[in-house]
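Survey of secondary and tertiary structure
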Amino acid sequence: MGKWVSNTLILGKRCMYTKGLIFLNGTGVELHQSLLLRAYRGEKTARPPVWFMRQAGRYLPEYRELRKKHSMLEAIRTPELAAEITLQPLKRFEFDGSIIFADILTPLIEMGVELDFVEKEGPKIFNPIRSSADVERLVIPDPTTNAAYTFHAIEIVSRELSNRNIPLLGFCGAPFTLASYLIEGGGSKSLLATKRFMFTEPEAWAKLQQKLVAVLSGYLIEQARHGAAALQIFDSWLGYLNPGQFERWVVPGLKALITAVKAATDVPIIFFSTDSSTLLPQIKELGADVIGVDWRVPLSAADRLLGSRFPLQGNLDPTALFGSRDYLEKEVRQVIESGRELKSHIFNLGHGILPETPIANVEFVIGLIKSISQ
Ligand code: CP3
């Protein structure tokens, strides 16, 4: 018999059992003790673990090189390529965590959503949702085979990382942010079409949320089963809602999603949203384990609004990486200082890293964090 660590029975380096799921890839005793997972569980660590949202991507020349030969969808749907891109930043920098290369939109493809990533424009959906009949048409695929290329990529990466003690995060988009893409058909400045749909088609909206919850919960659970050691939910467009709208149209779906994932796995769930400091008192009640804080709100203020209950992840302004070394160093030290007052702190950016970011400054920030201990 193995040994119990928290709710998990460790059966060997590569095999553990958590609430009915057997993990065969990469999540062993060492990983459980990694800085990142300890901080996600709420333990104070000597220094904050660090990873960056969108750490695999266009600011890296090796990523841009690979993308010359392969489209975005091709890169995501080829497990070996997705694994290679995931590992690119870890070859250059000493990040304490990694995040699987995919996109929030890919698990929607097998629901019948036709999409592509258009150069310089971003994601585009060719058959957007405009009516309740469109919602009815969305298929709920088998979770074990939906976007299975991402599960294979997770297996490859977690095998590669198991001897470096670096946890791999899985992720998904939140039902609201994904519904916005589905309805708008792409990016939008006001989310007018989404909000009009919410306000005029409440039943179709509820049905859409339900369908997304069904697909996303399966998608997250499968990622954990294939080796993801933590799961992040991205609700990037939440800032378009006021607290009343959030409560009525969005909170039920988020709670259902988190509850379903929690019933099947014990991996920590991080909830990240942007421009949502007015919603933090409600975000506190969603059931997430860790809250990702965007760069607009000081960590200390976010912590107060969250009742000082959570490990917080964040929140250096991604544009600080374009500042002078002096400015950048002050900003990083400020984030670390605020982090000391929290239950536990995971250093990250307050939103994804920008494509033009100077690589030397990324290295500088990681070095600085690693040189500081509490
Ligand atoms: O390293 C990582 O963080 C993992 C990969 C990842 C991508 N997208 C790859 C990607 C993650 C976690 C995402 C999440 C995502 N995708 C979000 C939530 C996070 C956030 O930044 O708010 C959102 C809103 C999307 C939707 C999306 N995908 C947009 C708006 C865009 C175009 C704008 C942009 O940043 O390029 C994408 C394309 C995309 N997803 C790229 C990457 C690396 C760029 C593709 C390319 O041109 O090579």
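Residues numbered from 1 in each chain as written. Predicted model: local features only at pLDDT ≥ 70, side-chain atom pairs only at ≥ 80, totals over all residues. Heavy atoms only, no water.

1. With respect to the site of the ligand
Convention followed: Residue proximity to a molecule or strand is established when one non-hydrogen atom of the residue lies within 4 Å of it. Think of a polar contact as two N or O atoms within 3.5 Å of one another; within protein, one of them needs to be a possible hydrogen donor and the other a possible acceptor, and neighboring residues in sequence only count if both atoms come from side chains. To be clear on the numbers: accessible area is Shrake-Rupley with a 1.4 Å probe, and residue cover counts the displayed protein chains and nothing else. Each residue gets one label: Ala, Val, Leu, Ile, Met, Phe, Trp, Tyr, Cys and Pro are nonpolar, Asp, Glu, Lys and Arg are charged, and the others, such as Gly, are polar.
Residues in contact with the ligand amount to 22 residues; listed here are only the nearest, Arg-54, Arg-58, Tyr-63, Ser-236 and His-351. At 2.8 Å, a side-chain N or O of Arg-67 approaches an oxygen atom of the ligand. For the ligand, whose free accessible area comes to 860 Å², the fraction covered by protein is 87%. Residue classes in the shell around the ligand are distributed as 14 nonpolar, four polar and four charged.

2. Describing the pattern of salt bridges
Put simply, the test is: When a carboxyl oxygen of Asp or Glu lies within 4 Å of a side-chain nitrogen of Lys or Arg, that pair is called a salt bridge. Per the convention used, a helix needs a DSSP run of H or I reaching at least four residues, while a strand needs a run of E reaching at least two, with both numbered from the N terminus. A simple rule labels every residue: compare its accessible area, found with a 1.4 Å probe on the protein chains alone, to the largest value its type can have, and call it buried under 20%, exposed over 50%, or partly exposed in between.
Throughout the structure, instances matching the rule amount to 15 salt bridges. With a closest N to O distance of 3.4 Å, Asp-96 and Lys-370 form a salt bridge. Taken as a pair, Asp-96 in the loop between α5 (79-92) and β5 (98-99) and Lys-370 in helix α15 (residues 359-371) lie far apart in primary sequence, 274 residues in all. Using a relative accessible area of 29% as the deciding quantity, one classes Lys-370 as partly exposed.

3. Here's the deal with the sheet that holds strand β9 (residues 230-235)
Quick reminder of the rule: For two strands to be treated as a pair, DSSP must find at least two bridges joining them. In what follows, residue pairs with any heavy atoms lying within 4.5 Å of each other are defined as contacts. Whenever a helix is involved, its axis is fitted only over the stretch in contact; in every case the axis is a line through C-alpha atoms, and angles between N-to-C directions fall within 0 to 180 degrees.
Strand order in the open sheet formed by seven strands is β5-β8-β9-β10-β11-β12-β13, with parallel pairing between adjacent strands. Each having just a single partner strand, β5 and β13 (345-349) make up the two edges of the open sheet. The sheet contact formed by strand β8 (residues 168-173) and β9 spans five bridges and is parallel. By the bridge assignment for β9, Leu-169 is matched with Ala-230. Its contacts with the sheet place helix α11 (residues 243-264) against β8, β9 and β10 (269-273), and it is angled at close to 170° to β9.

4. A word on the packing of helix α3 (residues 61-69) against α5
Condition: Here the word oblique covers every angle except those under 35 degrees (roughly parallel), over 145 (roughly antiparallel) and from 65 to 115 (roughly perpendicular). With the far helix as reference, a near helix turned anticlockwise by less than a right angle produces a left-handed crossing, and one turned clockwise produces a right-handed crossing.
Between α3 and α5, whose axes approach to 9 Å, the crossing angle comes to 160°. Between α3 and α5, the crossing angle belongs to the class labelled roughly antiparallel. By crossing handedness, the relation of α3 to α5 is classed as right-handed. Residue-level inspection shows Pro-61, Glu-62, Tyr-63 and Leu-66 of α3 in contact with α5, the latter providing Leu-81, Glu-84, Ile-85, Gln-88 and Arg-92.

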